[in-house]
Structures are given as C-alpha cells and as structure tokens.
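Report on the structure
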Amino acid sequence: DFGGYAKVGVGTYSERSFEGAVNFPITDVLSGRVAGLKRERDGWQENLFLDKDQASIDTENVRASLLFENDTVENLFVAYYAEHGGNSEGLKMRNAYTAGQTNNGIPLNATATSLYGPGLPLVDPAKNPGVFQAGFDGVADFLEKQKSADFHDTYNDTLTRSEIRQKLVTNMTSVELTDDLTIK
C-alpha cells in the first residue's frame, strides 16, 4: 500500500530535525520504501579555552528498500547510507588527589597535583602555548576554575570533531519449500 510519514522537530540549542518515509507499491509482488533523517543541534557545552561549542550533532541518513513477496518467496534488499558529525562533549576534571592521600586505602606518592603544581607547565609550552594564555597555574588551579565554571562550560585545549560515514547493503531471501520447511 502507498503510505508514509513525516516528522519535523525543533528543540533546545537550535535543534532541528526532519524524518520521513514513503512506502510505494511497484507491482502486486514488488514494493519499495525510501526513508531518511536529518538532525542538527548546536553544542550544549561551551569550551571557554577555544571559544567553541562542544556536544553538537549533525547527522543525516537515507535508506532504500525493495521487497519482493509472493506465496513462497520473500526477498528484502536494503541499502543504507549515513553521515554522522558534530563536536564531542568536553571532559571536565572533578577531582585531583594530592600526594599522601589514599585511593582505596593505597597511599599515593605521585599525582597530577604534585607533577603539575603551581609554576609548573601543564603541557610543553612549545607544543601548546595557549595553556599559559588561559591563566592556569598547575592542576589544582585548573581544577578550581573548572569547578567554579558553569555546568555547561569546559576548559579543553582540543576539540574532537566526529566525521563518520556508514554504508550498508543487505539482502535476505526466504523460500518456503513446504509448510514445515523454509530456507533463509
């Protein structure tokens, strides 16, 4: 039977989405379907270090199907293509042990706070001079600034962008030889 649906959505962080499908008969034993989805959303996190959005979505996909079906044979062919993108969520530091504290009863003798204390660079300044521009003075200072930031704010020196492409083709055939025997 001919039919289908369409959905349009909007949401927070400028989210926009469209989804739809159309089913259509070709002959008495052959039918088709085309379906798709498009979704975009701005990031819900603000990377204060890079002044960029994080946790954004940009995805689209399309799927086409052909179904052949008679009294004894069913064959379903599906082709699918998708592109998924967006910026990943930023990591937030929540805790840092100091030397002498214990973790599960085990005394710690070297931690991030002692390795990267005040006056010591968090990273090699030749590779990432921006750390000093952000004004962090060791891990403990970074941790305090991260804790005092808004829930949606992060301080990350990198931005990870997802670029995923998926392709899939399947074909499934079932042949009913008798009432009790079907080959798939």
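Residues numbered from 1 in each chain as written. Predicted model: local features only at pLDDT ≥ 70, side-chain atom pairs only at ≥ 80, totals over all residues. Heavy atoms only, no water.

1. Here's the deal with the sheet that holds strand β5 (residues 52–54)
Defined as follows: Strand pairing requires that DSSP identify at least two bridges connecting the strands. For the purposes of this entry, the term helix denotes a DSSP run of H or I that reaches at least four residues, the term strand denotes a run of E that reaches at least two, and both are numbered from the N terminus.
In space, the three strands of this open sheet follow the order β5-β4-β10, with mixed pairing throughout. If you trace the sheet from one side to the other, it starts and ends with β5 and β10 (153–154), each paired once. In this sheet, β10 lies alongside strand β4 (residues 45–47) in parallel orientation, the contact comprising two bridges. When the sheet's bridge partners are listed, E46 is paired in β10 with D153.

2. Digging into the side chain of Q146
So the rule is basically this: Relative accessible area decides the class of each residue, using a 1.4 Å probe on protein chains only: under 20% of the type maximum gives buried, over 50% gives exposed, and in between gives partly exposed. Pairs of residues are marked as contacts when any of their non-hydrogen atoms sit within 4.5 Å.
On the secondary structure map, Q146 appears in helix α3 (residues 139–148). In this structure Q146 comes out as buried when scored by relative accessible area, which is 1%. Sequence-distant contacts of Q146, defined by excluding residues within four places in its chain, comprise L91, K92, M93, D153, T154 and Y155.

3. Let's talk about the environment of L67
Within the fold, L67 resides in strand β6 (residues 57–69). Residue L67 is classed as partly exposed on the basis of its relative accessible area of 23%. Between the alpha carbons of L67 and V29 there is a distance of 7.9 Å; along the sequence they are 38 residues apart. Every residue in contact with L67, bar those within four places of it in the chain, is listed here: V29, L30, S31, E74, N75 and L76.

4. Quick notes on the pattern of salt bridges
Should the charged atoms of two oppositely charged side chains come close, the side chains can pair. Quick note on the threshold: The salt bridge criterion pairs a side-chain nitrogen of Lys or Arg with a carboxyl oxygen of Asp or Glu, the two atoms within 4 Å.
Considering all chains together, one arrives at nine salt bridges under this definition. A salt bridge links R16 to E40; the shortest N-O distance between them is 2.8 Å. Within this pair, whereas R16 is found in strand β2 (residues 15–25), its partner E40 is found in strand β3 (residues 30–41), the two being separated by 24 residues in sequence. According to the relative accessible area criterion, R16 is partly exposed, its value standing at 36%. The closest approach of N and O atoms between E83 and R165, which form a salt bridge, is 3.5 Å.

5. Concerning a negative patch on the surface
Going by this rule: Here the term patch refers to residues with relative accessible area over 30% and no salt bridge, with like charges joined within 9 Å and nonpolar side chains (Val, Leu, Ile, Met, Phe, Trp, Tyr) within 5 Å. For accessible areas, the Shrake-Rupley method is used with a probe of radius 1.4 Å. Any residue's cover is judged against the shown protein chains and nothing else. A positive count includes Lys and Arg, and a negative count includes Asp and Glu. His and the chain ends are not counted in either. A charged residue contributes its charge at one atom only: NZ of Lys, CZ of Arg, CG of Asp or CD of Glu.
A grouping of D71, E176, D179 and D180 is seen on the molecular surface, where their side chains present a negatively charged patch. As for its position among the elements, D179 is in the loop between β11 (161–178) and β12 (181–183).

6. Points about the pairing of β6
Where β3 lies against β6, 12 bridges are found, and the strand directions are antiparallel. If you follow R41 over to β6, its bridge partner there is I57. Strand direction decides the pairing type here: β6 and strand β7 (residues 73–87), joined by 12 bridges, are antiparallel. If you follow A64 over to β7, its bridge partner there is A79. What sits between the antiparallel neighbours β6 and β7 is a turn of three residues.

7. Here we look at a nonpolar patch on the surface
Taken together, I26, L66, F77 and V169 make up a surface patch of nonpolar side chains, about 340 Å² in accessible area. Mapping V169 onto the fold places it in strand β11. Of the residues examined, V169 reaches a relative accessible area of 57% and is grouped as exposed.

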